[in-house]
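Descriptive analysis of the structure
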Amino acid sequence: MFLPLTSTSRCRNGVGFAQPAVLFRTLIASLALLAAAVSPALRADDEEPPTHFKFQSGNIPRDLFPPEVLPPVRLTEEERLTIERARQDLKSDLPERRAGAVMLLGKYEHPSAREPVVEALGDPSARVRRAALVSVTEWNRGAPGEAVIPVLNLIGDEDADIRRNASAAVPTMMTIRRTYELIRPNSSTTQPLPAQTRAILIRAFSDEDAVVRRNMVNNAYALGVDLPPQLWLALLDDPDRQVRLSALPYAARHAPNQAFLQKAAEIAQREDRAERLQLARELSLRGANPENQELLRLLTDDADEEVAAEALLGRLRYQPNRALMKEAVARILQKQMGQEQAVRFFRLIRIAPDEAAPFLPSLITLNDAVLRREAVAAYLDFGLAANKPEAVKGFLEDPSPEVRQQAVNYLSSATGLANDALIEDMLFSEHLDVRRGLIRLSAQMPPQQASDLLLDLLLDENLQIRGHALREAVERQLPGWPKALGATLRDPDFELQKLALMLMFKYPYEGNREDMISFLKDYPNSPLSKLIRAQLGKMEESNKDT
């Protein structure tokens, strides 16, 4: 759902929720300060503005912001003359000439060009009105606030194309209107919509053109107009399928309860599966009242598997009992529930873990990796693996990296969850992420056990694991860490040698001087030799000083 950019409380048809738009207020305030700061630099028409304020050049998209918060556009002499000629053409008796002038003026961002374009929205010729509407909508949110009401009024125009375009522009126009509420709260643009405009908007939901009706229903959230509840019920019988589908959520929320339930019972018997599916979704959001639940029960027996599964999830949302869970699990195992629906099932069972727990062992082996991940997550979260290390071992060997990661996270969450056999299996796992997880797991172990594990990982074939294991052992000062440094300094990989040397410099220990001297004797031509000699020199100087 998209919410209107406004600080006032509204719902999709004008009643019910709040959207503060704090970030938007901050942006507008910053832009207003910018305009105030740069306006002195643009005080005279014959002065050249600073290069970085030439917004018309395309450096900054002006149509993203209200005109009031941006520096004025500069016009060349040629542009001024062009605009003046076009304004003269607007006085022509020929509609095609006026339309051409409107299209030309619409390309300029200066008020002297845009004001006549807005006025042309009321031209007697449909051709001119159409050209003006195209220009205004191309300005996007950069259109002036004075254009909002004229554009909305065109939703009642005699020309079907104009009504289509104007109704499609509703979200943009209402965004402009709400923007003006922030920057010019007392302007005429922010006054309540005129009664005539409100009447046009409401009538448009019954427009003879299906595209207009679709646009109005789809954009109803942006209107900020109180719409009659009966309007939504009427739209449930609209001849256009898309209108009916789009109107159903509004009717479910705003139509009188009994009137909606009566209409819902009719929709449940319709042949269109999309309507029945949408109905099941909306009923599941309307609460646990008996009438809703009875309709969902009827839809659970729907011939379409997706509709039936959706209705079942709606019932389970408010009645998370074992019988309904058993039915849902059966549908999942028989592949009679879509993946997205099954994922929602695993989310729903979190509210009743005791009822769901008996069914999870049959779900942790699903072929679908996404669903298996959800089942394993619930299995671990519900504590079902506490005394079943064989199950955790299976998760660690799962082909899905997400499942393996869940098992590693589980073992790392508390001390004592991993026994010696499980740790050994992880140590020799073919999966890099599992072996890397042992480093995290070592944080839960006593120092000597952690040291033994990390020393084993220093023999891992993967360079990154060896490096992480070394750093962990050294930084935690685990038993045997100096020996680990000395041994790693002779690792076949140069990057690990370098890491070991840096750690030796950072964490000096008794015997590190001897380890470095021994390395120099064995590898006098190593790229690290120069660094080692320099470090030994510093150590000698330090000894002399002490």
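Further up the page is the structure itself.
Residues numbered from 1 in each chain as written. Predicted model: local features only at pLDDT ≥ 70, side-chain atom pairs only at ≥ 80, totals over all residues. Heavy atoms only, no water.

**Topic: the pattern of salt bridges**
The cut-off we apply is this: The working definition used for a salt bridge is a side-chain nitrogen of Lys or Arg within 4 Å of a carboxyl oxygen of Asp or Glu. Helix numbers and strand numbers start at the N terminus; a helix is a DSSP run of H or I with at least 4 residues, a strand a run of E with at least 2. Remark: exposure states derive from per-residue accessible area (1.4 Å probe, protein chains only) relative to the maximum for the residue type, with buried under 20%, exposed over 50%, and partly exposed in between.
Taken as a whole and judged by the stated rule, the model has 41 salt bridges. Linking R80 and E77 is a salt bridge whose minimum nitrogen-to-oxygen distance equals 3.3 Å. Of this pair, R80 and E77 both sit in helix α2 (residues 77-89), three residues apart, which is roughly one turn of the helix. Across the pair R404 and D433 runs a salt bridge, and its minimum N-O distance is 3.1 Å. Pair noted here: R404 is in helix α23 (residues 401-412) and D433 is in helix α25 (residues 432-441), with a separation of 29 residues, a long-range link. We note that R404, like D433, is buried. Salt bridges linked by common partners bring D237, R244, K263, E266, R270 and E275 together as one network.

**A closer look at the packing of aromatic side chains**
Let me state the cut-off plainly: Two rings belonging to Phe, Tyr or Trp (six-membered ring only in the last case) form a pair when the distance between their centres is within 6.5 Å. Interplanar angles under 30 degrees mark stacking, angles over 60 mark edge-to-face geometry, and anything in between is tilted.
Throughout the structure, instances matching the rule amount to six aromatic pairs. Ring centres of W232 and Y250 lie 4.3 Å apart, and the angle between their planes is 10°; this geometry places the pair in the stacked category. Of the two residues, W232 sits in helix α12 (residues 229-235) while Y250 sits in helix α13 (residues 241-254), which places them 18 residues apart along the sequence. A single burial state applies to W232 and to Y250, both of which are buried. Relative to F346, the ring of F345 has its centre 5.4 Å away and its plane inclined at 70°; by these criteria the two rings are edge-to-face. Accessibility expressed as a relative area gives 1% for F346, which makes it buried. Taken together through their ring pairs, the aromatic side chains of F205, W232 and Y250 make up a single cluster.

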